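# Fold and contact review
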Amino acid sequence: MSQRELHTRYQRQIMLKGFGIAAQQKLLAARVLVVGAGGLGCPVLQYLCAAGVGTIGVIDDDVVSLSNLHRQVLFGTDDIGKPKVEVAVEQLRRLNPEVTINIYTQRLTVDNTLELLGKYDLVVDGSDNFATRYLVNDACVLLDKPLVYGAVSTYEGQLAVFNWNKNSEQERAVNYRDVFPQPPSAQEVPNCNEAGVLGVLPGIIGTMMATEVIKIVSEIGEVLAGKLLIYNSLNHNSYRLSIEQNSEANDLIPKSTAAFKRMIYEETCISNIEIDAAAFNEWVRNDNALIIDVRDSDEMPIVSGFKHINIPYGEILERGEELDSENIILFCLSGKRSFSAAQKLKQLRKGVNVYSLKGGIESRGS
Amino acid sequence: MTINVLFFGPLAEIVGNAIEMPVVSTLHELEQKLFEQFPLLKDKKYALSVNEKIVSGNVDLEEGFTIAFLPPFSGG
């Protein structure tokens, strides 16, 4: 494209005070990965492509279905059954052939995520399940990539920019786990299909996500970092909350590539993992379970009065195979770390009964 | 002498968008009081904010504070 055509295509934003050629050049040089080509992904892709983001990646392993069409506006009725990324790339090339679009017809896993995210400057999470959301969040923390997050349910949407902390080199930027340290269980939250969603809502939230990407890349405005915005489409109310570091998040995020690859993100049935203090005491009395304190060895208070060993949360998977008992019970102070550890251990040691003391040692009183 | 409590997403279907609760001294106490009134709330996952700041753990409350119950969303 000639310089002149380039100027004409983006003229209305280049002429903006505070934007100009400099911001446009930054967009043209940017590489953005969009996770999910659904209700959120469609408007994100359309606006980023139209705005002239130089390289856009899109990953989704799903095909277009009829019930997608009320909100996934890149697709038409005759696209039903076709892979979403293939339809999307056709539409986007018509919209702006100057943009390089890379498509990935696959699902993100612990094995492909770090390599794929590593090729991009910034990640947009428009996925539709908690497993992918936690996977993408943790990978972005590990790789130090900014993450533009959006999610919708019924009439409400959430928006945030995670892992972006331009002004402070020392302090770690907040991420999704600082808000919700652990994924909910299947019983705690309905999935999107059950919950339903107003068609325009992902359009609104997705357009806001694209806005954040453009602001980050072109260095304009005030990025929604360290904040969670909740938008209600029924009354246009929005509620903005500030997010602070949560120490539980630090414990739960894998610290190395190897630790990341050992994580289990797929949603699993985790019912019957938690036991209450009475059941815990019963196990202690019967003396036929291996009881493990998953706190770090120097954490207070020191627990005594029953037989147990100490394996810190971070080591439990590495040492999972050596635990020689049919019944394993984990505990910590509040029951959160032990719950997370029990979920993972149960995956590793199928056939072994793994439990977590609900409410932690605090629940047993003294 | 009240505390304002806001509910989002599916939690609003259980409690309503907003209610006023009598002042209690801590966030955990407030949760307990709400569980008594709205038992369905107990099994739900949520984050909590106090005066527009997301918090972890227990927090002291005072009259006029605004607490919000924020559910996680996964939909895209």
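Summarised in this report is the structure supplied together with it. In every chain, residue numbers begin from 1 and rise along the written sequence. For naming, the first written chain is A and the first written ligand is 1, with later ones following in the order written. Only residues with pLDDT of 70 or above have their local features reported here, since the model is predicted, and side-chain atom pairs are shown and tallied only from 80 upward, although totals for entire chains, interfaces and linings are computed over all residues. Hydrogens and water are ignored here; the side-chain numbers use all heavy atoms of the structure.

### Quick word on the overall build of chain B
Condition: Here a helix means four or more residues in a row that DSSP labels H or I, a strand means two or more in a row labelled E, and each is numbered from the N terminus. Values of the radius of gyration come from C-alpha atoms, whereas the globule rule sets the reference at 2.2 Å times the count of residues to the power 0.38. Burial classes: relative accessible area under 20% of the type maximum marks a residue as buried, over 50% as exposed, and values in between as partly exposed (1.4 Å probe, protein chains only). In what follows, a contact means two residues having at least one pair of non-hydrogen atoms within 4.5 Å.
The helix and strand inventory of chain B stands at two helices and five strands. In chain B, the order of α-helices and β-strands from amino to carboxyl end is β-α-β-α-β-β-β. A globule of 76 residues ought to have a C-alpha radius of gyration of about 11 Å, and chain B, at 12 Å, matches this closely. Over its C-alpha atoms, taken along the principal directions, chain B stretches across nearly 40 × 25 × 20 Å. The buried share among the 76 residues of chain B stands at 54%. Taking as baseline every contact in chain B between residues at least 6 positions apart, the subset at least 24 positions apart corresponds to 51%.

### Looking at the side chain of Lys145 of chain A
All names here are of chain A. As a reminder of what qualifies: This count recognises Lys and Arg as positive and Asp and Glu as negative, with His and chain-terminal groups excluded. The term salt bridge refers to a side-chain nitrogen of Lys or Arg lying within 4 Å of a carboxyl oxygen of Asp or Glu.
Following the sequence through the fold, Lys145 ends up in the loop between α7 (130–143) and β5 (147–153). For the buried Lys145, which has no salt bridge, the nearest side chain bearing the opposite charge is Asp121, at an N-O separation of 5.6 Å. Setting aside chain neighbours within four positions, we find Lys145 in contact with Leu117, Gly118, Tyr120, Asp121, Val123, Cys140, Phe162 and Asn163.

### Observations regarding the packing of aromatic side chains
Residues and elements named next belong to chain A. Cut-off, in case you're wondering: When two rings of Phe, Tyr or Trp (its six-membered ring) have centres within 6.5 Å they constitute a pair, described as stacked for plane angles under 30 degrees, edge-to-face for angles over 60, and tilted for the intermediate range.
Applying the stated criterion to the full structure yields 13 aromatic pairs over all chains. Their ring planes at 45 degrees and their centres at 6.0 Å tell us that Phe260 and Tyr265 sit as a pair that is tilted. Residue class for Phe260 comes out buried when judged on its relative accessible area of 0%. Overall, the relative accessible area of 9% leaves Tyr265 in the buried class. Between Phe280 and Phe306, the aromatic rings sit 5.4 Å apart at their centres with planes inclined by 85 degrees, giving edge-to-face as the arrangement. Taken together, the residues span a long stretch of sequence, with Phe280 in helix α13 (residues 277–286) and Phe306 in the loop between β10 (290–293) and β11 (309–310) at a distance of 26 residues.

### Here's the deal with the pairing of strand β2 (residues 18–22) of chain B
All names here are of chain B. The cut-off we apply is this: Two strands pair under a simple rule: DSSP has to find at least two bridges between them.
Because side chains alternate across β2, one face comprises the buried residues Ile19 and Met21, and the other comprises Ala18, Glu20 and Pro22, none of which is buried. By the bridge criterion, five bridges tie strand β1 (residues 2–7) to β2 in an arrangement that is antiparallel. Its bridge partner lying in β2, Thr2 is registered against Pro22.

### So, the pattern of salt bridges
Residue and element names in this part refer to chain A. As enumerated under the stated definition, the model contains 17 salt bridges over all chains in all. A salt bridge links Asp138 to Arg177; the nearest nitrogen and oxygen atoms lie 2.6 Å apart. Of the two residues, Asp138 is situated in helix α7 and Arg177 in helix α8 (residues 176–179); the sequence distance between them amounts to 39 residues. Each member of the pair, Asp138 as well as Arg177, carries the same accessibility label: buried. Here Arg319 makes a salt bridge to Glu322, at a shortest N to O gap of 3.3 Å. Sharing partners across several salt bridges, the network here consists of Asp251, Glu299 and Arg337.

### Observations regarding the environment of Ile220 of chain A
Residues and elements named next belong to chain A. Summarising the element assignment, Ile220 is placed in the loop between α10 (200–218) and β7 (227–232). Along the backbone, Ile220 and Asn281 are 61 residues apart, and their C-alpha atoms lie at a distance of 58 Å. Not counting residues up to four positions away in its chain, the partners in contact with Ile220 are Gly18, Phe19 and Lys215.

### With respect to the packing of helix α3 (residues 20–29) of chain A against α10 of chain A
Residue and element names in this part refer to chain A. Let me state the cut-off plainly: To define axes, lines are fitted to C-alpha atoms, for helices over the stretch in contact only, and angles between the resulting N-to-C directions are given on a 0 to 180 degree scale. Oblique is the label for any angle not covered by the other classes, which are roughly parallel (under 35 degrees), roughly antiparallel (over 145) and roughly perpendicular (65 to 115). Classification used: nonpolar for Ala, Val, Leu, Ile, Met, Phe, Trp, Tyr, Cys and Pro, charged for Asp, Glu, Lys and Arg, polar for all others including Gly.
Following both chains from N to C, one finds α3 and α10 inclined at 110 degrees, their axes separated by 8 Å at the closest point. It follows that α3 is roughly perpendicular to α10 by the angle criterion. Seen from α3, the contacting residues are Ala23, Lys26 and Leu27; seen from α10, they are Ile214, Val217 and Ser218. Tallied by class, the residues present in the contact of α3 with α10 amount to four nonpolar, one polar and one charged.

### A closer look at the interface of chain B and chain A
Counted only if it meets this: Accessible surface is computed with a 1.4 Å probe, and the buried area is the amount of it that two parts give up when combined, taken over both parts together. As used in this structure description, the phrase polar contact means that two N or O atoms lie within 3.5 Å; if the pair is within protein, one of them must be able to donate a hydrogen and the other to accept it, and residues adjacent in sequence are counted only when both atoms belong to side chains.
Taken together, the contact pairs 22 residues of chain B with 35 residues of chain A. Note on chain B versus chain A: buried area summed over both sides is about 2,400 Å², and carbon and sulfur give 59% of it. Inspection of the chain B/chain A interface yields one salt bridge. Glu244 of chain A is the salt-bridge partner of Lys53 of chain B, the closest N and O atoms lying 3.7 Å from each other. Where chain B packs against chain A, one counts 10 residue pairs in polar contact (both at pLDDT 80 or more). Elements that contribute at least two residues to the side of chain B that touches chain A include exactly β3 (47–50), β4 (53–55) and β5 (66–70) of chain B. The element best represented in the side of chain B that touches chain A is β5 of chain B, accounting for three residues. Of the residues contributing to the side of chain B that touches chain A, the split by class is 10 nonpolar, seven polar and five charged.

### Things to note about a nonpolar patch on the surface
Our working rule: Within this analysis, patches are made of residues with over 30% relative accessible area and no salt bridge. Like charges are joined at 9 Å or less; nonpolar side chains (Val, Leu, Ile, Met, Phe, Trp, Tyr) at 5 Å or less. Note on areas: these come from Shrake-Rupley sampling with a 1.4 Å probe, and a residue is covered only by the protein chains present in the view.
On the surface, Tyr155, Leu198, Val200 and Leu234 of chain A cluster together into a nonpolar patch covering about 380 Å² of accessible area. Position of Val200 of chain A relative to the elements: it lies in helix α10.

### Description of the state of the cysteines
What counts here: By disulfide we mean two sulfur atoms from cysteines, separated by a distance within 2.5 Å.
A full pass over the atoms with the stated rule returns zero disulfides over all chains. Unpaired in this structure, Cys42 of chain A has its nearest cysteine sulfur neighbour in Cys49 of chain A, at a distance of 12 Å.

### What about the sheet that holds β11 of chain A?
Residues and elements named next belong to chain A. Pairing within the open sheet is parallel, and its five strands lie in the order β9-β13-β12-β10-β11. Each having just a single partner strand, β9 (274–275) and β11 make up the two edges of the open sheet. In terms of strand pairing, β9 meets strand β13 (residues 353–357) through two bridges, oriented parallel. Residue pairing in the sheet places Ile275 in a bridge with Leu357 of β13. Packing of helix α14 (residues 336–348) onto the sheet brings it into contact with β9, β12 (327–331) and β13, and relative to β13 it is tilted by some 175 degrees.

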